Amino acid sequence: MGKELVSRWWNGVWGRLTRRDVWLAREVRWHVIARAGDSETGKVLRWEFDTEDDARQMVQRLTRADGGQWREMNGAATHPPA
């Protein structure tokens, strides 16, 4: 069974150094994946949680810390970094 993409956020910036993406995915546990930078050179961080509430709290912390113009990108075709 693969990961189910539940939601995705993007800070609205295209720049290679300032772009930020956050994905919320579920397998058996909840996964939060955050990338700073573009898909080729960006740094990827990962967390696992037992509950959706805990995972969404991490998403809120990540999106609030950056201060950008974050938007939820549900239905977007991109998937979290492997």
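In what follows, the accompanying structure is described.

The rules we used
- For every chain, the first residue of its written sequence is number 1, and the numbers climb from 1 along that sequence.
- For this predicted model, a pLDDT threshold of at least 70 governs which residues receive local features, and a threshold of 80 or more governs which side-chain atom pairs are given and counted, while totals over whole chains, interfaces and linings are taken from all residues.
- The basis for every side-chain value is the complete set of non-hydrogen atoms in the structure, without hydrogens or water.
- To pair, rings of Phe, Tyr and Trp, with the six-membered ring standing in for Trp, must have centres within 6.5 Å; the planes then decide the type, stacked if under 30 degrees apart, edge-to-face if over 60, and tilted in the middle.
- Only DSSP runs of H or I with at least four residues qualify as helices, and only runs of E with at least two residues qualify as strands; both kinds are numbered from the N terminus onward.
- A pair is scored as a salt bridge if a Lys or Arg side-chain nitrogen falls within 4 Å of a carboxyl oxygen belonging to Asp or Glu.
- Buried, partly exposed and exposed residues are distinguished by accessible area as a fraction of the type maximum, computed with a 1.4 Å probe on protein chains only: under 20%, between the cut-offs, and over 50%, respectively.
- Strand pairing is assigned whenever DSSP detects at least two bridges linking the two strands.

## Notes on the packing of aromatic side chains
Within the structure shown, the criterion is met by one aromatic pair. A ring pair is formed by Trp10 and Trp14, whose centres lie 4.9 Å apart and whose planes are at 65 degrees; its orientation type is edge-to-face.

## Here we look at the environment of Val44
Inspection of the secondary structure assignment puts Val44 in strand β4 (residues 43–49). With 22 residues separating them along the chain, Val44 and Val22 place their C-alpha atoms 9.7 Å apart.

## So, the pattern of salt bridges
Here the structure, examined in full by the defined rule, presents six salt bridges. In this structure, Arg8 and Asp21 form a salt bridge, with 2.8 Å as the shortest nitrogen-oxygen distance. On the criterion of sequence distance, the pair formed by Arg8 in strand β1 (residues 4–10) and Asp21 in strand β2 (residues 20–26) is long-range, its members being 13 residues apart. Taking relative accessible area as the criterion, Arg8 reaches 5% and is therefore assigned buried. Accessibility expressed as a relative area gives 0% for Asp21, which makes it buried. Residue Arg56 pairs with Glu52 through a salt bridge whose shortest N-O separation is 2.9 Å. With Arg56 and Glu52 both in helix α1 (residues 52–66), this residue pair falls four residues apart, about one helical turn. A relative accessible area of 34% places Glu52 in the partly exposed class. Via salt bridges that share partners, Arg8, Arg19, Asp21 and Arg35 belong to a single interconnected network.

## Looking at the sheet that holds β1
Strand order in the open sheet formed by five strands is β4-β3-β2-β1-β5, and the pairing between neighbours is antiparallel. The sheet terminates laterally at β4 and β5 (71–72), the two strands that pair on one side only. With seven bridges connecting them, β2 and strand β3 (residues 30–36) associate as antiparallel partners. Opposite Trp23, over in β3, you have Ile33 as the bridge partner.

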